[in-house]
Amino acid sequence: MELLDCNCSICAKSGLQHLIVRHQDFALLCGEEALQSYRFGTRAAEHLFCKTCGIKAFYQPRSHPGAWSINFRCLDPGHGLEPKVQSFDGRNWEQARALLDQTARPT
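The model shown is predicted, which means the values in this text are computed figures rather than measured ones.

### Section: the overall build of the protein
Inference 1: When you go through the protein residue by residue, the secondary structure sums to two helices and seven strands.
Inference 2: Starting at the N terminus and walking to the C terminus, you meet the elements of the protein as β-α-β-β-β-β-β-β-α.
Inference 3: In terms of overall dimensions, the protein is globule-like: its C-alpha atoms have a radius of gyration of 13 Å, near the 13 Å expected for 107 residues.
Inference 4: With respect to the three principal axes, the spread of C-alpha positions in the protein is 35 × 35 × 25 Å.
Inference 5: Counting over 107 residues, the protein shows a buried share of 33%.
Inference 6: Here the protein displays about 6,900 Å² of accessible surface, and carbon together with sulfur accounts for 53% of that area.
Inference 7: Of the side-chain charges in the protein, 12 are positive and 11 negative, and the distance between the mean point of each set is 6 Å.

Listed below in structure tokens is the structure:
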């Protein structure tokens, strides 16, 4: 399993590590009513924050339109996942996104 460690201003400062999971492999079991959406820039990504605590546990990234990005650091202990971390140059998004097509695959 691979995590993306992005250096863009949002991910680097919030410590987000991206676990990419296809939409069909993800189910939000509860708490949907507590989510607040935020979009900026191209408005392609949908950032979802908890209205109660402000944490971004997952969101719809523009880099993977068919998948969610789960913040690996938000997973509870004991999940048994052993990730390999891959750097993602979010400061140079277009070039880095082209490289994802060649290397990263959703979990």
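There's more to say after this.
### Considerations on unusual backbone geometry
Inference 1: Phi is positive for Arg 43, which is not a glycine, with a value near 65°.
Inference 2: Structurally, the position occupied by Arg 43 is in the loop between β3 (35-38) and β4 (46-50).

### Observations regarding the pattern of salt bridges
Inference 1: In total, this model carries three salt bridges according to the counting rule given.
Inference 2: With a closest N to O distance of 2.8 Å, Asp 25 and Arg 22 form a salt bridge.
Inference 3: Overall, the relative accessible area of 34% leaves Arg 22 in the partly exposed class.
Inference 4: Of the charged contacts in the structure, one is a salt bridge between Glu 46 and Arg 39, with a shortest N-O distance of 3.4 Å.
Inference 5: Residue class for Arg 39 comes out partly exposed when judged on its relative accessible area of 32%.

### Here we look at the environment of His 23
Inference 1: Among the secondary structure elements, His 23 is positioned in the loop between β2 (18-22) and β3.
Inference 2: Sequence separation between His 23 and Ile 10 is 13 residues; the distance between their C-alpha atoms is 23 Å.
Inference 3: In this view, His 23 contacts Gln 60, Pro 65, Gly 66, Ala 67 and Trp 68; residues no more than four positions away in its chain are not counted.

### Here we look at the sheet that holds β2
Inference 1: Taken together, the seven strands give an open sheet; going across it, the order is β3-β4-β5-β6-β2-β1-β7, and neighbouring strands pair in mixed fashion. Of all strands in the sheet, those with a lone pairing partner are β3 and β7 (84-88), marking the two edges. The average undirected angle you get between the axes of adjacent strands in this sheet is 35°.
Inference 2: Direction of pairing for strand β1 (residues 2-6) relative to β2: antiparallel, over a ladder of two bridges. Residue pairing for β2: Leu 3 is matched across the bridge by Leu 19.

Cut-off values and rules
- Residues numbered from 1 in each chain as written.
- Predicted model: local features only at pLDDT ≥ 70, side-chain atom pairs only at ≥ 80, totals over all residues.
- Heavy atoms only, no water.
- Helix = DSSP H or I, 4+ residues; strand = E, 2+ residues; numbered from the N terminus.
- Rg over C-alpha atoms; globule rule 2.2 N^0.38 Å.
- Buried < 20%, exposed > 50% of the residue type's maximum accessible area, 1.4 Å probe, protein only.
- Areas by Shrake-Rupley, 256 points an atom, 1.4 Å probe, with all protein chains shown as cover.
- Lys, Arg positive; Asp, Glu negative; His and termini not counted.
- Charge placed at Lys NZ, Arg CZ, Asp CG, Glu CD.
- Salt bridge = Lys/Arg side-chain N within 4 Å of Asp/Glu carboxyl O.
- Contact = heavy atoms within 4.5 Å.
- Pairing = 2+ DSSP bridges.
- Axes fitted to C-alpha atoms, helices over the stretch in contact; angles between N-to-C directions.

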